[in-house]
Amino acid sequence: MPTTLPTNFWYAVEFSRNLTKTPVPVTLMGQQYVLYRDDHGRAIALGNQCPHRGAALHRGWVEDNCLRCPYHGWKFDASGACVNIPADLPGVPIPKRAKVATYPVQEQDGMIWLYVGDSPDTAAAPLPHLLPELGDPQWRAVYGEYTWNAHYTRVIESNLDVSHAAFVHPPFYGNRDRATVDEYKVSTTPYSATATVKAPAPKRRTFLKYLLKEENRYSLTTITVYLPTINRIEIDFGFRGYKYIYYTTSLPIDENTTLAKYIGLRNFLTFPWADKNSHDNAYKTYIEDQAVVQTCHPLAAPTDFQQELLVASDALIIAYRKLLGHYTAGRSLSAV
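About the thresholds
- Residues numbered from 1 in each chain as written.
- Predicted model: local features only at pLDDT ≥ 70, side-chain atom pairs only at ≥ 80, totals over all residues.
- Heavy atoms only, no water.
- Helix = DSSP H or I, 4+ residues; strand = E, 2+ residues; numbered from the N terminus.
- Buried < 20%, exposed > 50% of the residue type's maximum accessible area, 1.4 Å probe, protein only.
- Areas by Shrake-Rupley, 256 points an atom, 1.4 Å probe, with all protein chains shown as cover.
- 1 Å grid on protein atoms, 1.4 Å probe; cavity = no way out; pocket = protein on both sides within 12 Å on 5 of 7 lines; lining within 4 Å.
- Points joined across faces, edges and corners; volume = space filled by probe spheres on them.
- Nonpolar A, V, L, I, M, F, W, Y, C, P; charged D, E, K, R; others polar.
- Domains from an automatic or database assignment.
- Salt bridge = Lys/Arg side-chain N within 4 Å of Asp/Glu carboxyl O.
- Pairing = 2+ DSSP bridges.
- Axes fitted to C-alpha atoms, helices over the stretch in contact; angles between N-to-C directions.
- Phe/Tyr/Trp six-rings, centres within 6.5 Å; stacked < 30°, edge-to-face > 60°.
- Core = buried A, V, L, I, M, F, W, Y, C linked by side-chain atoms within 4.5 Å.
- Contact = heavy atoms within 4.5 Å.
- Polar contact = N/O pair within 3.5 Å; in protein donor to acceptor, adjacent residues only side chain to side chain.

J.: Please explain the overall build of the chain as it appears in this structure.
T.: Each helix and strand in the chain was counted, giving 6 helices and 17 strands. A burial count over the chain gives 50% of its 336 residues as buried. Accessible surface, the chain as shown: approximately 16,400 Å² in total, 52% of it carbon and sulfur.

Here you go:
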């Protein structure tokens, strides 16, 4: 069964802070793109293959706000048109076919967003504004990324699963006899689903655990999924307003590979020396999830509710699959 993917959505493909005048390759849905900034700081997105001999343009360089191909030096402007072929004699017209595709780009929430839909970007779902805390001096941000040998829907659902922690993350969240999930409500919009659930307070030895001094056994976690690839997890520890936010985009490289890029925000211990603890906790959680998620079959989370047996604690996953099914009906990887 082919992988289904939502079309006419923006995809958060790279951290804004990573994009400079040095070209950056992006793989999305099996297709290759290249990003760079011009002299004015504007983000540009083009197809990554030169129309001449197929070389990858991201191995070239930016010159006069244009991108030079590393193979024969063809020069492409921000509209994708070739403006110079060094091997041609002066006065030889540039062929009309000497161009690469160009794609709409936006920046928000610390990410570069790429639109590759088959309708004008004006028809796309609006960009979510789910990270207003980014840039606030009261919050400290860390950045990271992981590669999963798993379908992107399974990766996203690992961030929506409210009942797995006691079994997959027992070193962090506690004993398995605390696995019961209280009933919770899911709120939906045309493009998102959100729920707030009570979860055991962290058990793993962390700076925060030291600060809490065992005062709280539970925390409140608000989880949001925004199609097609965005998760936001906000943990309210119920102590002095301390919170941690995990914001991630899970990019479908192909049917078997997902690149997850995350921004972690905390409003406690906002010193650089505490960043390692944030990275370590994110990495340990990823390793624990990866061991299970990469075994799931079928590869893609099924939107046919007869294939897997979902229960009350899966309410957020059920909402996600309904949204996904609505926007992927009749669509496949090769069709997007």
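J.: Would you take a moment to explain empty space enclosed by the protein for this structure?
T.: In this approach the atoms are scanned with a rolling probe the size of a water molecule, which exposes any empty space left behind. A complete count under the given rule lists 1 cavity of 30 Å³ or more for this structure. Roughly 40 Å³ of volume is contained in the largest cavity. Lining the largest cavity we find F9, W10, W113, A125, P126, L127, P128, Y226, L227 and P228. Here the lining of the largest cavity is composed, by residue class, of 10 nonpolar, no polar and no charged. Mapping the lining of the largest cavity onto the domain boundaries places at least three of its residues in each of domain 1 (9–122) and domain 2 (140–327).

J.: When you look at the pattern of salt bridges in this model, what are you seeing that I'm missing?
T.: Any two side chains of opposite charge can pair, given that their charged atoms come close. Tallied over the entire structure, the rule returns 18 salt bridges. Of the charged contacts, one joins E157 and R321 as a salt bridge, the two residues approaching to 2.7 Å between their closest N and O atoms. Within this pair, whereas E157 is found in helix 1 (residues 152–160), its partner R321 is found in helix 6 (residues 315–328), the two being separated by 164 residues in sequence. Per residue, the accessibility class of E157 equals that of R321, and both read buried. The residue D275 makes a salt bridge to R266 at a minimum N-O spacing of 2.8 Å. Overall, the relative accessible area of 12% leaves D275 in the buried class.

J.: What is the right way to read unusual backbone geometry from this model?
T.: Of all residues except glycine, most have a negative phi; of all peptide bonds, most are trans. Cis rather than trans, the peptide bond between L227 and P228 has omega equal to 5°. Along the polypeptide, P228 turns up in the loop between strand 14 (218–226) and strand 15 (230–236). Phi at D109 takes a positive value of approximately 55°, unusual for a residue other than glycine. Following the sequence through the fold, D109 ends up in the loop between strand 9 (105–108) and strand 10 (111–115). Given the relative accessible area of 7%, D109 is considered buried. Its identity is not glycine, yet R240 carries a phi of approximately 55°, on the positive side.

J.: Teacher, can you tell me more about the sheet that holds strand 3 (residues 31–37) here?
T.: Strands belonging to one sheet form pairs held by backbone hydrogen bonds; the direction of such a pair is parallel or antiparallel. Ordered in space as 2-3-4, the 3 strands form an open sheet in which the pairing is antiparallel. Whereas interior strands pair on both sides, the edge strands pair on one side only; in this sheet they are strand 2 (24–28) and strand 4 (43–47). Adjacent strand axes in the sheet meet at a mean angle of 30°, parallel and antiparallel pairs treated alike. Pairing analysis gives 5 bridges linking strand 2 to strand 3, with the strands arranged antiparallel. Bridge pairing links P25 to V34 in strand 3.

J.: What should I look at first to understand the sheet that holds strand 6 (residues 66–68) in this one?
T.: Overall, antiparallel pairing links the 4 strands, which are arranged 5-6-7-8 in an open sheet. Each having just a single partner strand, strand 5 (61–63) and strand 8 (82–84) make up the two edges of the open sheet.

J.: Which parts of the structure should I look at to understand the packing of aromatic side chains?
T.: In this description, an aromatic ring pair is defined by two values, namely the gap between the centres and the angle between the planes. Under the defined criterion, the tally for this structure stands at 17 aromatic pairs. Arranged with centres 5.2 Å apart and planes meeting at 85°, the rings of F15 and Y143 form a pair that is edge-to-face. Highlighted residues: F15 in strand 1 (residues 10–15) and Y143 in strand 11 (residues 140–148), separated in sequence by 128 residues. Overall, F15 belongs to the buried group, its relative accessible area being 3%.

J.: Can you walk me through the pairing of strand 1 in this structure?
T.: Two faces, one strand: in a regular strand the side chains alternate between the faces of the sheet. Along strand 1, 6 of the 6 residues are buried, which leaves the element largely enclosed by surrounding structure. Pairing analysis gives 5 bridges linking strand 1 to strand 10, with the strands arranged antiparallel. Following the sheet pairing, E14 is matched in strand 10 by I112.

J.: Explain the nonpolar core to me, please; I cannot follow it from the model alone.
T.: Soluble, globular proteins show a tendency: their nonpolar side chains are buried together. Formed by 57 residues in total, the largest nonpolar core has its most connected members in V13, L28, W148, L160 and Y320. The element contributing the most residues to this core is helix 6, with 6 residues. For this core, the two domains that each supply at least three residues are domain 1 (9–122) and domain 2 (140–327). Sequence-distant contacts of V13, defined by excluding residues within four places in its chain, comprise V26, L28, L35, I112, L114, L251 and K261. The next biggest cluster of nonpolar side chains, apart from the first, holds 17 residues, and it includes F15, W113, W139 and L265.

J.: How should the environment of Q32 be read in this particular structure?
T.: Inspection of the secondary structure puts Q32 in strand 3. Classification of Q32 by relative accessible area gives partly exposed; the value is 34%. On a C-alpha basis, the gap between Q32 and L57 in space is 9.9 Å, while along the polypeptide they are 25 residues apart. What Q32 contacts, discounting residues up to four positions off in sequence, is V26, T27, G47, N48 and Q49. In this structure the side chain of Q32 is engaged in a polar contact, spanning 3.2 Å, whose partner is the side chain of T27.

Geometric descriptors of this kind do not, in isolation, establish any biological role.
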